[in-house]
Each structure stands twice: as C-alpha cells, then as structure tokens.
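# A structural walkthrough
Spelled out, the chains give:
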Amino acid sequence: MFFSIIIPLYNRPQEIDELLATLTVQTYTQFEVLVIEDGSSLPAKDIVEKYTDQLDISYYFKENAGQGFARNYGFERAKGDYFVIFDSDCLIPADYLEIVKDYLYDHNLDAYGGPDAAHESFTDVQKAISYGMTSVFTTGGIRGNKKHVGQFHPRSFNMGVSREAWEKAGGFKITRLGEDIEYSIRIHEHGFKIGLIPGAKVFHKRRTSLMQFYKQIHFFGRARINIYKHFPSELKLVHFFPAVFTLGIMTVLLLNIIYPPLAYIGNVFLLVYFMLIFFHSLILNRSLKVAFLSIISSFIQLTAYGLGFIQDFIKRIVLKQQ
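Summary of the structure given here.

Rules used throughout
Residues numbered from 1 in each chain as written. Predicted model: local features only at pLDDT ≥ 70, side-chain atom pairs only at ≥ 80, totals over all residues. Heavy atoms only, no water. Pairing = 2+ DSSP bridges. Helix = DSSP H or I, 4+ residues; strand = E, 2+ residues; numbered from the N terminus. Axes fitted to C-alpha atoms, helices over the stretch in contact; angles between N-to-C directions. Contact = heavy atoms within 4.5 Å. Salt bridge = Lys/Arg side-chain N within 4 Å of Asp/Glu carboxyl O. Parallel < 35°, antiparallel > 145°, perpendicular 65-115°, else oblique. Left-handed = near helix turned anticlockwise from the far one by under 90°. Nonpolar A, V, L, I, M, F, W, Y, C, P; charged D, E, K, R; others polar. Buried < 20%, exposed > 50% of the residue type's maximum accessible area, 1.4 Å probe, protein only.

### Brief notes about the sheet that holds strand β8 (residues 158-162)
Taken in spatial order, the seven strands line up as β3-β2-β1-β4-β8-β6-β9 in an open sheet, and their pairing is mixed. Both edges of this open sheet fall to β3 (57-62) and β9 (194-196), since each of them pairs with a single strand only. Adjacent strand axes in the sheet meet at a mean angle of 20°, parallel and antiparallel pairs treated alike. For strand β1 (residues 3-9) and strand β2 (residues 31-38), the ladder comprises seven bridges, and the chain directions are parallel. Bridging from a neighbouring strand, L9 pairs with E37 of β2. On the sheet, helix α4 (residues 96-107) packs against β1, β2, β4 (82-86), β6 (111-113), β8 and β9 and is oriented at approximately 125° with respect to β1.

Rendered as structure tokens:
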C-alpha cells in the first residue's frame with residue numbers, strides 16, 4: 001500500500017518543519033508527501049527543500065482558496081492508493097503509517113479518522129487546550145473515540161481517504177466551516193465504509209494561545225450550523241449542549257447580580273463541574289498549572305462553541321440569512 005500524505009499550508013513555516021521531521025522516522029516508508037502552500041505570504045519552500053534527501057516530497061504553491069481546496073489540489077497530483085491528510089500543526093508518531101496500513105488490511109476501510117493527543121513537548125497552554133478538546137467533561141470524550149454519536153466523521157487534521165472513494169465522491173466541496181464533516185458524509189452516502197482507527201493518533205498542537213483557541217472554537221460552532229444547512233439530519237441533540245451551557249452561564253451570572261439566592265444551585269453546579277475538570281486533568285497531566293488552565297480551556301471550549309452556534313442558528317435558521 002502506497003500512501004500520499006497531503007498537507008495544506010498557510011503561513012506556518014515552523015510548523016511544517018516540525019511535522020516533516022516526524023515523517024522522516026516513519027517505520028513504514030512507502031509514502032510520498034505533498035505540501036500545498038495556499039497563497040502564503042511566508043512561504044516554506046526552502047524548509048520543504050531541506051527534506052528532499054530524506055523524503056519523497058513535492059512542494060506546490062497556489063493562490064489562496066482555503067484548506068479544503070488546497071487538499072483537492074493535492075489529491076489531483078497524488079500517486080498513492082490512499083490519501084492521508086494532516087494539518088500543519090501536527091506531530092506524527094513514528095509508527096503511525098504502520099498502524100494505519102495494518103488496520104486497513106484487516107478492516108478494509110475506504111476512509112478513516114484517528115484521535116489526537118498532547119505531546120510532552122507541548123506548552124502548558126497547548127496541553128490544556130488538548131484536554132479541553134478531548135475530555136469527557138467537554139466534548140464527551142467522543143472525539144477519537146468509538147462512542148461517537150451516529151456515523152463517525154473523520155476530522156481533517158488526521159484523516160485518510162482511499163483513491164477509489166475520492167474518484168467516486170470527489171474532493172472537498174466547501175473549503176471551510178465544517179468541510180471535513182461535509183466530505184465524510186458525502187463519502188458515506190456513496191456507500192463507502194468509514195471508521196475510526198484508535199491507534200492512529202497524532203499530536204495536535206491546535207492553537208498556541210487561549211485567544212486563538214477561542215476564535216477557532218467559535219468558528220467550529222458556526223460550522224455545525226453550516227453542516228446543518230447541507231445535511232439537516234446531522235444536527236443532533238448533543239450539538240445543542242454547548243449552547244445550553246452558555247445560556248446557563250449567562251443566567252447564573254445575571255441571577256448573581258439581581259437576586260443571588262436564586263443563583264445558589266447554579267453556583268454549586270459550576271463549582272462541582274470545574275473541580276471535576278481540575279482533578280481529572282491533574283490525574284491525566286500531573287501538573288497543577290495544566291489542571292488550572294484546563295478549567296479555562298474547557299470553559300472556552302464550551303462557551304466559544306456555544307456562542308458561534310447561537311450566532312449562526314439565529315442568523316441562518318431563525319432569520320434565514322445567507
């Protein structure tokens with residue numbers, strides 16, 4: 001099995017350097033790498049060329065059109081039996097392709113996704129953000145977990161698609177706002193088999209600051225409504241939870257101002273909830289600082305998603321704006 005690893009890139013030369021370094025030590029070596037520079041003002045051509053002696057690697061520069069269409073550009077030029085998509089802010093374990101290859105031979109998946117985790121080299125903020133995105137107390141622990149709701153949808157930071165599935169379903173039709181979910185739904189509708197490969201994890205840096213994390217998750221909340229506009233059946237009850245949590249937070253804050261006795265139950269609930277997050281993160285990360293930051297990142301994860309969801313729910317569903 002020959003893999004084509006496709007990496008869209010936009011103004012992140014340092015990240016692509018770190019990612020490519022991890023690909024040089026893969027235990028399974030039947031793969032090529034395609035780096036698609038999507039109109040960056042900080043091109044990484046010189047960095048990519050450092051790896052020409054260590055990797056079968058190609059560099060392409062195109063006009064900016066977004067990450068979904070940059071991946072399509074790579075699909076059209078790839079030689080592999082299977083296309084593997086990474087975000088530029090990922091680090092790849094040395095046995096990643098070995099694990100994927102063995103699993104695909106045993107389970108015959110047409111598309112797959114894998115989980116993400118925090119690497120020991122990540123900053124405390126990045127570890128806390130990783131906790132906020134993967135914890136049972138925030139996302140329900142369903143990202144990169146078999147206990148997902150409904151059909152599993154791979155996420156594009158760690159996703160694979162067979163050449164046959166691409167030839168039948170095509171590439172990405174939208175370039176942002178849930179483009180990976182839309183694509184995986186379409187692959188599934190063409191009758192292809194999609195699944196999670198539990199061992200195919202990547203170390204995903206996500207964002208380097210809490211403010212950047214807020215902006216990203218707010219975007220994810222809006223993306224869920226965008227997916228609904230394409231596939232109404234994909235809006236599940238669980239997707240409303242961050243919005244309900246956000247409205248609950250606003251209600252408790254208001255009650256603390258106008259009539260504190262009514263806010264008592266809400267205050268106790270929030271205290272217990274954030275203490276559970278603190279001690280759970282402390283057990284996982286063995287760091288008081290990361291545990292404290294995990295409270296903040298979890299709060300951001302829920303409220304940013306909730307606000308983005310509410311914003312576009314009102315604009316696009318209630319008011320029917322485009």
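Now, onward.
### What about the pattern of salt bridges?
Going through the model one piece at a time under the given rule, you end up with 15 salt bridges. K79 is the partner of E32 in a salt bridge, and the nearest nitrogen-oxygen pair spans 3.8 Å. Taken together, the positions of E32 in strand β2 and K79 in the loop between α3 (67-75) and β4 put the pair 47 residues apart, joining distant regions of the chain. K101 is paired through a salt bridge with D102; the nearest N and O atoms lie 2.9 Å apart. What you see here is one network of salt bridges that share partners, running through R12, E15 and D89.

### A short note on the sheet that holds strand β7 (residues 116-117)
Taken together, the three strands give an open sheet; going across it, the order is β5-β10-β7, and neighbouring strands pair in mixed fashion. Two strands in the sheet have a free side with no partner beyond their single neighbour: β5 (90-91) and β7. Two elements, β5 and strand β10 (residues 202-204), share two bridges in a ladder whose sense is antiparallel. Residue C90 lies in a different strand from β10, and its bridge partner there is H204.

### Focus on the packing of helix α9 (residues 241-258) against helix α10 (residues 264-285)
Two elements in contact, α9 and α10, have axes whose closest approach is 10 Å; the angle formed by their N-to-C orientations is 130°. The angle between the axes of α9 and α10 places the two elements in the oblique class. For the crossing formed where α9 meets α10, the hand is left-handed. Of α10, the residues touching α9 (which contributes F245, I249, V252 and N256) are G266, N267, L270, Y273 and F274. Across the contact of α9 with α10, the residue classes break down as six nonpolar, three polar and no charged.

### Here's the deal with unusual backbone geometry
In the Ramachandran plot, N11 falls in the positive-phi region, its phi being about 55° despite a non-glycine side chain. Locating N11 in the fold gives a position in the loop between β1 and α1 (13-23). Here the phi dihedral of R286 falls at roughly 55°; this positive angle occurs in a residue that is not glycine. If you trace the backbone, R286 turns up in the loop between α10 and α11 (288-318). In this structure R286 comes out as exposed when scored by relative accessible area, which is 77%.

So yeah, pure geometry; function would need other evidence.
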